[in-house]
Amino acid sequence: MKRTGKWSRTTVAGIALTLGAVALAGGGITLTAAGYVDTTHARTASLQVSTEPEFQVGLSRNARMVDTGLGLSDDGNVYVWGLTSLNINGGASDPGVQKPPQRVPIAEGTVRQVTGQIYDANALDKDGHVWGWGQYNARNGTDATRSDGLPRQLRIESAWDGTGAVLDQIMTISSTEYAGAGIRADGTVWHWGSSTGYGGNSGAGASQLTGLPDPTVAGNKPVYLKGAYTNFFVILENGDVYYWGGTGGSSLPYGTGNAGATATKLTALNSWMKANVAPGDPYIVAIDGGINMGGALLSNGQVLSWSRTDASRTGRGAPISPAIVPTLSGITSMQFSFTGVALGKNDGSLWGYGASDDYGQFPELPTQIDTNVVQYAAGQGYYIWQKSDGTFWGRGYNPQGAIGLPIGSQYSNRQITSPSLSVVAQ
């Protein structure tokens, strides 16, 4: 969740680049808003394509890791902390648990964006290439072992050491628990990783996603990509929402089934898509989700929520079908953990709600978590954020130190004093 929840300070000139928890990092596509630019998740009055590049510096906006913290320094280097073994540190020296930030050995200063799966990661470099590393090579897209554990570039329909062409011209990337995906400069979407309903493909390396409309037709280019729990979401320039993946416990509305490796229009949310609302009415500009729960950010700062199982996962304490959360307004960004969601508000406050079993014990109804927050991230079971005074705070599942030391789950806000996270500060 790199620069995971930053909704202030942007270095983008002109049109800002934004692609959901995975905003365009490296040459990407961005969503814009009149008089305001959200570089984390598309808070916007219009959905537009841009080729303006952007660094996603800070806590990762898309780090679905369970025991590891993930972020990008402002000089273009990836850092991990907490659990850094299992090749999660990319072969760097001194792996282990409860570790301070450790740099992943990708060429110095070249990374634009980083995203995480449960025990794997992908990075996007300034040249539009994707790198993969971690415990399970079939998930991070490299699809072949290496004794050094170093990150390797993804290839098209080939393992990293194969003969396929290197995957290039990628504008932004994102991850589900076991798979990754990216939007290419030509508007095509490419994916890799587990094909068991988590959004990946069935072969080695990366392959082009099927099912999306022709991106050369006006309005069809993807402008937003977000990996939720077991499915990906894409928003097109015309505002239509598509998904693929979605095995058990997905982030999809009740009654929406696993789409496997083929993109499918998310008809359950038709009423809130741009093409179907009256002029001036709010429409979906960002979408995300956790286990059996999901939400969409609307263009006016309201939040639409749903669940597949029970009302404790809606933030409304009400029926599970998609509906507006009445107590939320002015929301500019969001990131789901496994069982809850953190939301950034336009006044710099951090809000959240969670299921009855939320690891970070966010209340079931939206509650202000903290104030003066400049960036935040949500792992699988933890939340971490930085305040305007430079301090880092966190709460949630923490056996290996993803939100610092001492270890152990933290069920209320706690300042992080060790390890130092200054390398990913805003």
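Treat the numbers as computed from the prediction; the structure is a model and nothing was measured.

Concerning the overall build of the protein
- Helix and strand counts for the protein come out as one helix and 29 strands.
- Sequence-distant contacts, at least 24 apart, represent 50% of the contacts inside the protein between residues at least 6 apart.

Observations regarding the sheet that holds strand β29 (residues 410-416)
- Sheet architecture is open: four strands sit in the order β26-β27-β28-β29, paired in antiparallel fashion. Among the strands making up the open sheet, the edge pair consists of β26 (373-378) and β29. Put simply, the sheet's adjacent strands are angled 15° from each other on average, direction ignored.
- Here β26 runs beside strand β27 (residues 382-387); their pairing, made up of five bridges, is antiparallel. Note on β27: the bridge partner recorded for Val373 is Lys387.

What to know about the environment of Gly149
- Along the chain, the position of Gly149 falls in the loop between α1 (137-140) and β9 (152-153).
- Spatially, the C-alpha atoms of Gly149 and Trp133 are 7.0 Å apart, while their sequence positions differ by 16 residues.

Structural notes on the nonpolar core
- One finds Leu266, Leu269, Ile287, Leu328 and Leu343 to be the most contacted residues of the largest nonpolar core, which totals 33 residues.
- Discounting chain neighbours no more than four positions away, the residues touching Leu266 are Phe233, Val241, Tyr242, Tyr243, Leu252, Pro253, Thr256, Met273 and Ile287.
- Within the second largest apolar cluster, 16 residues are counted, among which are Ala63, Leu83, Ile88 and Val114.

Thoughts on the environment of Trp306
- Within the secondary structure, Trp306 is located in strand β20 (residues 303-307).
- Put simply, Trp306 and Met293 are 13 residues apart on the chain and 5.9 Å apart in space, counted from C-alpha to C-alpha.
- A polar side-chain atom of Trp306 sits 2.9 Å from the main-chain carbonyl oxygen of Ser251.

A look at the pattern of salt bridges
- The full count for this structure, using the stated rule, is eleven salt bridges.
- For Glu108, the salt bridge identified is with Arg103, shortest N-O distance 3.5 Å.
- The exposure class assigned to Glu108 is exposed, which follows from its relative accessible area of 55%.
- Arg184 serves as the salt-bridge partner of Asp168, at 2.4 Å between the closest nitrogen and oxygen. Here Asp168 is found in the loop between β9 and β10 (170-175), whereas its partner Arg184 is found in strand β11 (residues 179-184), with 16 residues between them in sequence.
- In the salt-bridge network here, residues are joined through shared partners; they are Arg64, Lys226 and Asp288.

Thoughts on the pairing of strand β23 (residues 340-345)
- A large share of β23 lies buried, amounting to six of its six residues.
- Residues Gly340, Ala342 and Gly344 point to one face of β23 and Val341, Leu343 and Lys345 to the other, with burial holding for every one of them.
- Two strands pair when backbone bridges link them, and strand β22 (residues 331-336) and β23 are joined in this way by five bridges, in the antiparallel orientation. Looking across to β23, one finds that Met334 is bridged to Leu343.
- What sits between β22 and β23 in their antiparallel hairpin is a turn of three residues.
- The sheet contact formed by β23 and strand β24 (residues 350-354) spans five bridges and is antiparallel. By the bridge assignment for β24, Ala342 is matched with Gly352.
- In this structure, the hairpin formed by β23 and β24 is closed by a connection of four residues, where Gly348 is found at a positive phi of approximately 85°.

Focus on the side chain of Thr391
- As for its placement among the helices and strands, Thr391 is situated in the loop between β27 and β28 (392-396).
- A polar contact is formed between the side chain of Thr391 and the side chain of Asp389, at a distance of 2.6 Å.
- Looking at Thr391, its side chain comes within polar contact range of the side chain of Trp393, at 2.9 Å.
- Here Thr391 is in contact with Trp385, Gln386 and Gln415, once residues within four sequence places are set aside.

Parameters and conventions
- Residues numbered from 1 in each chain as written.
- Predicted model: local features only at pLDDT ≥ 70, side-chain atom pairs only at ≥ 80, totals over all residues.
- Heavy atoms only, no water.
- Helix = DSSP H or I, 4+ residues; strand = E, 2+ residues; numbered from the N terminus.
- Contact = heavy atoms within 4.5 Å.
- Pairing = 2+ DSSP bridges.
- Axes fitted to C-alpha atoms, helices over the stretch in contact; angles between N-to-C directions.
- Core = buried A, V, L, I, M, F, W, Y, C linked by side-chain atoms within 4.5 Å.
- Buried < 20%, exposed > 50% of the residue type's maximum accessible area, 1.4 Å probe, protein only.
- Polar contact = N/O pair within 3.5 Å; in protein donor to acceptor, adjacent residues only side chain to side chain.
- Salt bridge = Lys/Arg side-chain N within 4 Å of Asp/Glu carboxyl O.

Read these as geometric descriptors, not functional statements.
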